[in-house]
Amino acid sequence: MSVKIGNNIDLGAFPLLLAPMEDVSDPPFRYVCKQNGVDMMYTEFISSEGLIRHAAKSKQKLDIFEYERPIGIQIFGSDIKSMEEATEIATLAKPDLIDINYGCPVKNVACRGAGASLLQDIDKMVAMTKAVVNATHLPVTVKTRLGWDDHTKNIYEVAERLQDIGIQALSIHGRTRSQMYKGSADWSLIKKVKKNPRIHIPIFGNGDVDSVEKAAAWRLEYEVDGIMIGRASIGYPWIFREIKHFFETGTYLDGPTIKERVDVCKTHFVKSIEWKGEKTGIFEMRRHYANYFKGIPNFKEYRMKLVSLDKVPEINEVLDEIAFQFADVTTDV
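Residues numbered from 1 in each chain as written. Predicted model: local features only at pLDDT ≥ 70, side-chain atom pairs only at ≥ 80, totals over all residues. Heavy atoms only, no water.

The UniProt entry lists Cys 104 under the feature "active site" (unreviewed entry), expressed in the numbering used here. Checked against the element boundaries, Cys 104 lands in the loop between strand 7 (97-102) and helix 5 (107-110). What makes Cys 104 buried here is its relative accessible area of 9%. In this structure, Cys 104 is in contact with Phe 45, Val 109, Ala 110, Gly 115 and Ala 116, ignoring residues within four places of it in sequence. (UniProt positions renumbered as here; feature names shortened; annotations may be inferred. Helix = DSSP H or I, 4+ residues; strand = E, 2+ residues; numbered from the N terminus. Buried < 20%, exposed > 50% of the residue type's maximum accessible area, 1.4 Å probe, protein only. Contact = heavy atoms within 4.5 Å.)

Another point: the packing of helix 9 (residues 212-222) against helix 10 (residues 238-249). The contact between helix 9 and helix 10 brings their axes to 9 Å, and the two run at 50°. Taken as axis vectors, helix 9 and helix 10 run oblique relative to one another. Between helix 9 and helix 10 lies a crossing of right-handed hand. Counting all contacts with helix 9, which are made through Val 212, Ala 215, Ala 216 and Arg 219, the residues of helix 10 involved are Glu 242, Ile 243, Phe 246 and Phe 247. (Axes fitted to C-alpha atoms, helices over the stretch in contact; angles between N-to-C directions. Parallel < 35°, antiparallel > 145°, perpendicular 65-115°, else oblique. Left-handed = near helix turned anticlockwise from the far one by under 90°.)

So, on to the nonpolar core. A general tendency of soluble globular proteins is for nonpolar side chains to be buried together. Counting residues in hydrophobic clusters, the biggest one holds 88 residues, and the most contacted among them are Leu 170, Trp 187, Ile 227, Phe 293, Leu 306 and Ile 322. If you count residues domain by domain, this core takes at least three from each of domain 1 (3-249) and domain 2 (258-326). Setting aside residues up to four positions removed in sequence, Ile 322 forms contacts with Ile 258, Val 262, Phe 293, Phe 299, Tyr 302, Leu 306 and Ala 327. Grouped together as the second largest cluster of nonpolar side chains are 12 residues, Ile 5, Ile 9, Leu 97 and Phe 204 included. (Core = buried A, V, L, I, M, F, W, Y, C linked by side-chain atoms within 4.5 Å. Domains from an automatic or database assignment.)

To continue, consider the UniProt feature "domain: DUS-like FMN-binding" (unreviewed entry) in the protein. Sites flagged by UniProt as "domain: DUS-like FMN-binding" (unreviewed entry) map to residues 17-321. Helix makes up 46% of residues 17-321 and strand 12%, and the two end C-alpha atoms of the span are 34 Å apart.

All right, on to helix 9 then. Among the residues of helix 9, those classed as buried are Val 212, Ala 215, Ala 216, Trp 218 and Tyr 222. The positive-phi residue at the C-terminal boundary of helix 9 is Glu 223, with phi of around 60°.

Attention now goes to the pairing of strand 9 (residues 169-173). Among the five residues that make up strand 9, five are buried, leaving the element largely enclosed by the rest of the structure. Of the two faces of strand 9, the one holding Ala 169, Ser 171 and His 173 and the one holding Leu 170 and Ile 172 are both buried throughout. Two elements, strand 8 (residues 140-145) and strand 9, share five bridges in a ladder whose sense is parallel. The residue bridging Thr 144 from the neighbouring strand is Ile 172, located in strand 9. At this point the chain moves from strand 8, through helix 7 (residues 155-164), to the parallel strand 9, and the crossover so formed is right-handed. As defined by bridge partners, strand 9 adjoins strand 10 (residues 203-206) across four bridges and the pair is classed as parallel. (Pairing = 2+ DSSP bridges. Right-handed = clockwise from strand over helix to strand, strands pointing away.)

Let us now look at the packing of aromatic side chains. Tallied over the full model, the rule gives 14 aromatic pairs. For the pair Trp 187 and Trp 218, a centre-to-centre distance of 4.9 Å together with 55° between the ring planes defines the contact as tilted. Placement of Trp 187 in the loop between strand 9 and helix 8 (188-195) and of Trp 218 in helix 9 is noted, with a sequence separation of 31 residues between them. Here the two residues Trp 187 and Trp 218 agree in accessibility, since each one is buried. Put simply, the rings of Phe 293, Phe 299, Tyr 302 and Phe 326 pair up and form one aromatic cluster. Its end group placed over the ring of Tyr 31, Lys 271 keeps NZ or CZ at 4.3 Å from the ring centre. (Phe/Tyr/Trp six-rings, centres within 6.5 Å; stacked < 30°, edge-to-face > 60°. Lys NZ or Arg CZ within 6 Å of the ring centre and 35° of its normal.)

With that settled, consider the environment of Gly 205. If you trace the backbone, Gly 205 turns up in strand 10. The class for Gly 205 is buried, based on a relative accessible area of 0%. Separated by 100 residues in the primary sequence, Gly 205 and Pro 105 place their C-alpha atoms 17 Å from one another. Each residue touching Gly 205, except ones within four places of it in the same chain, is listed here: Ile 172, Trp 187, Ile 190, Val 224, Gly 226, Ile 227 and Met 228.

For helix 10, built from 12 residues, the straight-helix expectation of 16 Å at 1.5 Å per residue is met to within 8% by its first-to-last C-alpha distance of 16 Å. Among the residues making up helix 10, those that are buried are Trp 238, Ile 239, Phe 240, Glu 242 and Ile 243. Turning to helix 10, the residues buried within the fold contact strand 3 (16-18), helix 1 (27-35), helix 9, strand 11 (226-229), helix 11 (258-276) and helix 13 (289-292). Note on helix 10: the residue one or two positions beyond its end, Gly 250, has a positive phi of about 75°. (Expected span 1.5 Å × (residues − 1).)

Below is the structure:
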């Protein structure tokens, strides 16, 4: 049985999704994840206020490419009318779906009435979601958390009510807002939502999946329709191909060689410059180097070079040197 969102998005038997991550899941990063087998992706989350005010940064985040499909544009906000208008703008960018962020826990989002803040006001969340559903012909999905804190884990109610007003899939991060990203994700409530006989939309689990073993075990234990992976893919897009290989064959795929790490890092670098321009592309790529080469011994000198250089040929030269110097090194991440 394939997992489907709406009538037209077929994700296969057990999809792996790339979580939307601010300052990470931009087109260059999405490109290398798509090359490694991810089944569905989302843009970085986009402010509804930024969209309706035509802010350049918000508008740029609407950029999507044909090879990325299926892809969703994720929006967030605190005002229902603004979310409705932002949905209309996002729909014009022709994604495959619109996703609403009700999960972001950071202060400048949640403390302004957006993101996970809506978990404190389910009636408003339902009204906002209904406005978004009514503002587009595309499927609407939601990403959220278990609740605001340990005393208000209301995801069971949230899932039912959002399904009732028309969402087509729900991704649940197994933490409350008060946990931020600390402690362990609790998938038991995600399973409870999935097993609810009233729920018929796909339920995707998110939080702490950082290995083939966890993906395989939790697929069986929690019976979700698919897994969404975020932080574990940063600097390691191979996690998608490794999990899929295990699901298909029951065997482990070898991790990437140093040459593969360099090659994918270079691809990411090229795409970053193509999309953002040379100056910004070089600057924003700096946050990724440590992750691409995590686990390599005595790497600090090369990392310092990569984050200080500002010319494309010089950076490529250092990357080539890394491929040569560490060719025989194996890493375990």
